[in-house]
Amino acid sequence: MTQEYLEEVAEKNFSKNHYWFIRFRSTRSYAKLDQAQKANAFYITQAFVGLAYRYQLRSPRRWTAASVKEVFKEYFPRKIAADKVFFNSVFPVMRRYFAFLGAQHKISNAQTLINALDSLDPQKFVNHSSDVKYWDDSKKQGMRIILGWTDSFTEQDQQRFSEDCNMFVPLSVVKQHRNLTDNIVVLTDSRRKQAAQRIEQRTKQQK
């Protein structure tokens, strides 16, 4: 039977990850991250979970070495709007997070996923994520905000962009030091379409 994207599954994955991360935050492994990595850690894990399901239809127990490589090589650089501090934090955070999920029996192949991550070049990952030629249109809009190339987006607009287009990654994670919320807004196709329309309208107004 052919699988299809289901909003209720996306919601379940995000909610589970939110709960798991709260537990991860109390571990010695998390404590060994530096301050920038800690500030970005939750958003990195949410982005990975969201990208893996949205573009691969893979929930955590179905992650594989190949799917992990694809998320980091293709989807993070192309889809997620964030600064270099965020992208420099991705590999250290996810390496520890995979190990944590394995120890908690949330995934059964933690070392395989860690080995897949270790096989990638972290500097190449950061460079690709920062190179405009790899960005899709949505990320380009988000990066314009991050780089200060537009001031037409309100704080509310930026929050909507984060939820609708950026897998909940705020456009200024390290500066915000935002606390984890108890409620997670579901990243749905309808919200993406609404966001795309808003972005298109903004772009037309700026021309």
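Preceding block: the structure.
Residues numbered from 1 in each chain as written. Predicted model: local features only at pLDDT ≥ 70, side-chain atom pairs only at ≥ 80, totals over all residues. Heavy atoms only, no water.

Student: Now, about unusual backbone geometry: what can you tell me, with residues and values included?
Tutor: A positive phi angle, close to 55°, is found at Leu57, a residue other than glycine. In this fold, Leu57 is placed in the loop between helix H3 (35–56) and helix H4 (65–79). You will see that Phe168, though not glycine, has its phi angle at about 75°, which is positive. By the secondary structure assignment, Phe168 is in the loop between helix H9 (155–165) and helix H10 (173–176). Look at Phe168 and you get buried, because its relative accessible area is 11%. (Helix = DSSP H or I, 4+ residues; strand = E, 2+ residues; numbered from the N terminus. Buried < 20%, exposed > 50% of the residue type's maximum accessible area, 1.4 Å probe, protein only.)

Student: For a negative patch on the surface, give the residues involved together with the corresponding values.
Tutor: There is a patch of like negative charges on the surface, built from Glu4, Glu7, Glu8 and Glu11. The residue Glu4 is located in the segment before helix H1 (7–24) in this model. (Patch = residues over 30% accessible without salt bridge, like charges linked within 9 Å, V, L, I, M, F, W, Y side chains within 5 Å. Areas by Shrake-Rupley, 256 points an atom, 1.4 Å probe, with all protein chains shown as cover. Salt bridge = Lys/Arg side-chain N within 4 Å of Asp/Glu carboxyl O. Lys, Arg positive; Asp, Glu negative; His and termini not counted. Charge placed at Lys NZ, Arg CZ, Asp CG, Glu CD.)

Student: Describe in detail the environment of Arg23, supporting the description with residues and values.
Tutor: When you line up the elements, Arg23 lands in helix H1. Residue Arg23 is classed as partly exposed on the basis of its relative accessible area, which comes to 31%. Residues Arg23 and Gln104 lie 81 residues apart in sequence; the distance between their C-alpha atoms is 9.8 Å. Residue contacts for Arg23: discarding those within four places in its chain leaves Phe100, Gln104 and Lys106. (Contact = heavy atoms within 4.5 Å.)

Student: Could you give me a rundown of the pattern of salt bridges, with the residues and numbers involved?
Tutor: If charged atoms from side chains of opposite charge come close, those side chains can pair. Tallied over the full model, the rule gives three salt bridges. Here Arg95 and Asp118 are joined by a salt bridge, their closest N and O atoms 2.9 Å apart. Within this pair, whereas Arg95 is found in helix H5 (residues 84–103), its partner Asp118 is found in helix H6 (residues 110–118), the two being separated by 23 residues in sequence. For Arg95, a relative accessible area of 39% gives the class partly exposed.

Student: Break down the packing of H5 against H6 for me, with residues and values.
Tutor: Between two packed helices, both the angle of their axes relative to each other and the distance between the axes serve to describe the pair. Look at H5 against H6: their axes get within 8 Å of each other, and the N-to-C directions meet at 170°. As the angle between them shows, H5 and H6 are arranged roughly antiparallel. Handedness of the H5/H6 crossing: left-handed. Contacts from Phe91, Met94, Arg95, Phe98, Ala99 and Gly102 in H5 reach Ala110, Leu113, Ile114, Leu117 and Asp118 in H6. Considering only residue class, the contact of H5 with H6 consists of eight nonpolar, one polar and two charged. (Axes fitted to C-alpha atoms, helices over the stretch in contact; angles between N-to-C directions. Parallel < 35°, antiparallel > 145°, perpendicular 65-115°, else oblique. Left-handed = near helix turned anticlockwise from the far one by under 90°. Nonpolar A, V, L, I, M, F, W, Y, C, P; charged D, E, K, R; others polar.)

Student: Lay out the environment of Ala52 in plain terms, naming residues and giving numbers.
Tutor: With respect to the element layout, Ala52 can be found in helix H3. By relative accessible area, Ala52 is classed as buried at 0%. Taking the C-alpha atoms as reference points, Ala52 and Trp63, 11 residues apart in sequence, are found 7.9 Å from one another. Once residues within four sequence positions are removed from consideration, Ala52 is found in contact with Leu57, Arg58, Trp63 and Val71.

Student: Explain H5 to me, using residue names and the numbers behind them.
Tutor: Residues that lie three or four places apart on an α-helix share one face, since the helix turns once every 3.6 residues. The end-to-end C-alpha separation of H5 is 30 Å, in line with the 28 Å expected for 20 residues at 1.5 Å each. Maximum bend of H5: about 35°, positioned at Val90, with proline Pro92 one to four residues after it. Among the residues making up H5, those that are buried are Phe86, Phe87, Ser89, Val90, Phe91, Val93, Met94, Tyr97, Phe98, Phe100 and Leu101. Tucked inside the fold, the buried residues of H5 contact H1, H3, H4, H6, helix H7 (122–129) and helix H8 (137–146). Two to three positions downstream of the cap, the backbone nitrogen of Val85 sits 3.3 Å from a side-chain oxygen, assigning the N-cap of H5 to Asp83. At the exit of H5 stands His105, carrying a positive phi of roughly 60°. (Expected span 1.5 Å × (residues − 1). Bend = angle between axes of the 7 residues up to and from the residue. Polar contact = N/O pair within 3.5 Å; in protein donor to acceptor, adjacent residues only side chain to side chain.)

Student: Would you mind going over the environment of Ala10 in detail, with residue names and values included?
Tutor: With respect to the helices, strands and loops of the structure, Ala10 is situated in helix H1. As for Ala10 and Leu57, which are separated by 47 residues in sequence, their C-alpha atoms are 9.2 Å apart. Apart from the residues within four sequence positions on either side, Ala10 is in contact with Tyr5 and Tyr53.

Student: Talk me through the nonpolar core; I want residue IDs and the actual numbers.
Tutor: Counting 45 residues, the largest nonpolar core has Phe48, Phe72, Phe76, Ile80, Phe86, Val90 and Phe98 as the members making the most contacts within it. Mapped by element, the contributors of at least two residues to this core are H1, H3, H4, H5, H6 and H7. No other element matches H5, which puts 10 residues into this core. Apart from the residues within four sequence positions on either side, Phe98 is in contact with Phe48, Trp63, Val68, Phe72, Ile107, Ala110, Leu113, Ile114 and Leu117. (Core = buried A, V, L, I, M, F, W, Y, C linked by side-chain atoms within 4.5 Å.)

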